[in-house]
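Residue-level structural notes
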Amino acid sequence: MDGMKVRARMLLMAVVMFSATVSGQELAVKTNLLTDAIAVPSVGVEYAFAPRWTVNADAEWMPFYRAHNHYLRTLKVQPEARFWFRTPFAGPFVGPSVGWRVFNMGGLPVFDLKNERIQGNLWTAGATAGWHFTLSDRLGLEPAVSLGYGYADYKRYAEPRSRRPVEHSYQHYIGPIALSLYLVYMLY
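First things first, this report covers the structure right here in the doc. Just so it is clear, the model here is predicted, and its values are computed rather than measured.

1. Comments concerning the pairing of strand β9 (residues 165–187)
- Relative to β9, strand β1 (residues 27–32) is paired through six bridges, and the arrangement is antiparallel. If you follow Lys 30 over to β9, its bridge partner there is Val 184.
- As paired strands, strand β8 (residues 139–157) and β9 are joined by 19 bridges and run antiparallel to one another. Its bridge partner being in β9, Lys 155 is matched across the sheet by His 168.

2. Description of the packing of aromatic side chains
- In total, this model carries seven aromatic pairs according to the counting rule given.
- On the numbers, 5.4 Å between centres and 85 degrees between planes, the contact of Phe 83 with Phe 85 is edge-to-face.
- A residue is classified by how much of its surface remains accessible, and Phe 83, at 24% relative accessible area, is partly exposed.
- Here a set of aromatic residues connected by ring pairs shows up, and it is made of Trp 53, Phe 83 and Phe 85.
- For the cation-ring pair, Lys 30 lies above Tyr 182, with the distance from its terminal atom to the ring centre recorded as 4.7 Å.

3. A word on the environment of Ser 180
- Mapped onto the fold, Ser 180 is located in strand β9.
- What makes Ser 180 buried here is its relative accessible area of 8%.
- Along the chain, Ser 180 and Pro 143 lie 37 residues apart, while their C-alpha atoms are 5.6 Å from each other.
- For Ser 180, the contacting residues outside a window of four places in its chain are Asn 32, Leu 34, Glu 142, Pro 143 and Ala 144.

4. A look at the nonpolar core
- Membership of the largest hydrophobic core is limited to nine residues, which are Ala 28, Ala 48, Trp 84, Phe 89, Phe 93, Ala 144, Tyr 182, Val 184 and Met 186.
- Sort the elements by how many residues they give to this core and β9 lands first, with three residues.
- Of all hydrophobic cores here, the second largest spans seven residues; its members include Phe 103, Met 105, Leu 113 and Ile 118.

5. Notes on the pattern of salt bridges
- This model, assessed by the stated rule, comprises nine salt bridges.
- Two residues, Glu 46 and Lys 30, come together in a salt bridge whose shortest N-O distance is 2.5 Å. Taken together, the positions of Glu 46 in strand β2 (residues 42–50) and Lys 30 in strand β1 put the pair 16 residues apart, joining distant regions of the chain. You'll find Glu 46 and Lys 30 in the same group, each marked buried.
- When salt bridges that share partners are traced, they join Lys 30, Glu 46, Glu 80, Arg 82 and Glu 142 into one network.

6. Observations regarding unusual backbone geometry
- At Ala 39, a position not held by glycine, the phi torsion is positive, near 65 degrees.
- Among the structural elements, Ala 39 can be located in the loop between α2 (33–37) and β2.
- Classification of Ala 39 as partly exposed rests on a relative accessible area of 48%.
- The backbone of Phe 89 shows a phi angle near 65 degrees, a positive value even though the residue is not glycine.
- Note that Phe 89 resides in the loop between β5 (70–84) and β6 (91–108).

7. A short note on the side chain of Asp 58
- Along the chain, Asp 58 turns up in strand β3 (residues 53–62).
- For the buried Asp 58, which has no salt bridge, the nearest side chain bearing the opposite charge is Arg 82, at an N-O separation of 5.1 Å.
- Looking at Asp 58, its side chain comes within polar contact range of the side chain of Asn 56, at 3.2 Å.
- Engagement of the side chain of Asp 58 in a polar contact is seen with the side chain of Tyr 182, the distance being 2.2 Å.

Each value, and the rule that gives it
- Residues numbered from 1 in each chain as written.
- Predicted model: local features only at pLDDT ≥ 70, side-chain atom pairs only at ≥ 80, totals over all residues.
- Heavy atoms only, no water.
- Pairing = 2+ DSSP bridges.
- Helix = DSSP H or I, 4+ residues; strand = E, 2+ residues; numbered from the N terminus.
- Phe/Tyr/Trp six-rings, centres within 6.5 Å; stacked < 30°, edge-to-face > 60°.
- Buried < 20%, exposed > 50% of the residue type's maximum accessible area, 1.4 Å probe, protein only.
- Lys NZ or Arg CZ within 6 Å of the ring centre and 35° of its normal.
- Contact = heavy atoms within 4.5 Å.
- Core = buried A, V, L, I, M, F, W, Y, C linked by side-chain atoms within 4.5 Å.
- Salt bridge = Lys/Arg side-chain N within 4 Å of Asp/Glu carboxyl O.
- Lys, Arg positive; Asp, Glu negative; His and termini not counted.
- Polar contact = N/O pair within 3.5 Å; in protein donor to acceptor, adjacent residues only side chain to side chain.

In structure tokens, the structure reads:
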């Protein structure tokens, strides 16, 4: 199944699950155009539960990519709370976020993985800041950045197809943990 079909199904599920109980500008579905551009489908749902607060949950999923000993599989979930300085879905926002990503990648020309493979988990915690630009009554564009702490626990394999790890490693990281450019669709 290609990325567009996966994204369309995820958006449809989000609309069906939430549209029956929500009215007004309380609910939005979104997709991260940056991850979509590199063929990692994404979907997000954001719900306004107070005059200046929303809760946002994003997911990215690439079930498989395999070509000539190249592997890339990933699943990411990042929930966050957002405080809006004006009103939900208008202007600037900040808030805490946490995240989890599972990954399996090898044979790629990044992270020194041309002849190796790594598989593991990445946990993150930090703060997100962004701005919602209204394009129309239902559409918006939302750039956002998350800064914080990341912890990766992974195994390294000598070859992309190997099943026997040669090293078990972990890494700590402080800095940018997510970058987004959301296309937002408001549900009424």
